[in-house]
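A structural walkthrough
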Amino acid sequence: MKVDNILILAAGKGTRMGEIGKNIPKVLWPIFDKTLLEWQVLYARKFAENAQIYINIFNYKDKIKSFVESHSSFEGVNFVYEREELDVGGAIHNLASELKYKGNLLIINGDQFLFFDQVLKEIKMPEKANLMFTYEVNSSDGYNQVLIEKENFIGVKTNDKLPRNKKILTYTGMSIVSLPELTEVSGKSKFFESVLNQNLNDTYTLELTNLEYWDFGTLDRYIDSFQRILSGNGSKINHFLEENGIDLKEKIKEFEENKFLKFGDLKVTKDQVYLEL
């Protein structure tokens, strides 16, 4: 399956990153020597080297724009500006409007990474349809359930309506949207209202196998993910980091000796992140 365009969602407030999130936009937090946003661009290019990459911005847009424009790793990457907070559905329609609702669009969250075995270009599906990526989780972990019938998405059941300790499929946050099949919407809208909506268009599902899911989207998850990488409990992400220039053996050695790692204005310890201006 050919991917024409990729949207990295980066317009959020970063409120889940604590007080430091008020000073440093979440997508500019580091994973070793690169920011989350730099890693996301490298990650996006793994899926479709020739696709057009877009970053939507609203909160902290000046800081993010300034950073991107001063780093050559973003060459060829485009901004999508939002005049108001649009939510995910509105952000997708905002870009779709610029693209004249042509081609398809891979959606990626700015603070999460999915490493899996499937190869996108080998996936077969009807052209006039969307594709939602799912994975198996435990309902006790708070996730909503994606309802599926013969590989077709038919709805979402919220977690409060699910029994505990049950294996379910949930939405990964990554999908491929067929823009010509969307009903045009302007302004703010939610993803499952105006994009992947079973009443508006056809959406197929694909369960990702042998998946590594990495979430840097809250302060606690950011610290936890760092610790897992440094402990060697992330084979796919560790390989991704190393093939893009990170010497993990050296980083692990530095962390063991100093009990922290320093990246720009951020200092990361075993259980805390400090801002040092």
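Description of the structure in this document.

Procedures and definitions
Residues numbered from 1 in each chain as written. Predicted model: local features only at pLDDT ≥ 70, side-chain atom pairs only at ≥ 80, totals over all residues. Heavy atoms only, no water. Axes fitted to C-alpha atoms, helices over the stretch in contact; angles between N-to-C directions. Helix = DSSP H or I, 4+ residues; strand = E, 2+ residues; numbered from the N terminus. Parallel < 35°, antiparallel > 145°, perpendicular 65-115°, else oblique. Contact = heavy atoms within 4.5 Å. Nonpolar A, V, L, I, M, F, W, Y, C, P; charged D, E, K, R; others polar. 1 Å grid on protein atoms, 1.4 Å probe; cavity = no way out; pocket = protein on both sides within 12 Å on 5 of 7 lines; lining within 4 Å. Points joined across faces, edges and corners; volume = space filled by probe spheres on them. Expected span 1.5 Å × (residues − 1). Buried < 20%, exposed > 50% of the residue type's maximum accessible area, 1.4 Å probe, protein only.

**Focus: the packing of helix H5 (residues 219–230) against helix H7 (residues 248–258)**
Following both chains from N to C, one finds H5 and H7 inclined at 110 degrees, their axes separated by 10 Å at the closest point. When the axis of H5 is compared with that of H7, the two are roughly perpendicular. Residues Gln227, Ile229 and Leu230 of H5 pack against Leu248, Lys251, Ile252 and Phe255 of H7. Across the contact of H5 with H7, the residue classes tally to 5 nonpolar, 1 polar and 1 charged.

**Focus: the layout of surface pockets**
Approximately 1,200 Å³ is the volume attributed to the largest pocket. Considering each element in turn, the lining of the largest pocket owes the most residues, 4 residues, to strand S11 (residues 167–178). Of the residues contributing to the lining of the largest pocket, the split by class is 19 nonpolar, 13 polar and 12 charged.

**Structural notes on helix H3 (residues 87–98)**
Taking 1.5 Å of rise per residue, the 12 residues of H3 would be expected to cover 16 Å, and the 17 Å separating its terminal C-alpha atoms lies within 8% of that figure. Among all positions in H3, only Gly89, Gly90, Ala91, Ile92, His93, Leu95 and Ala96 are buried. Contact partners of the buried residues in H3: strand S1 (5–9), strand S4 (52–57), strand S5 (78–81), strand S6 (104–109) and helix H4 (191–194). A positive phi of about 60 degrees marks Lys100, the residue just after H3.

Geometric descriptors of this kind do not, in isolation, establish any biological role.
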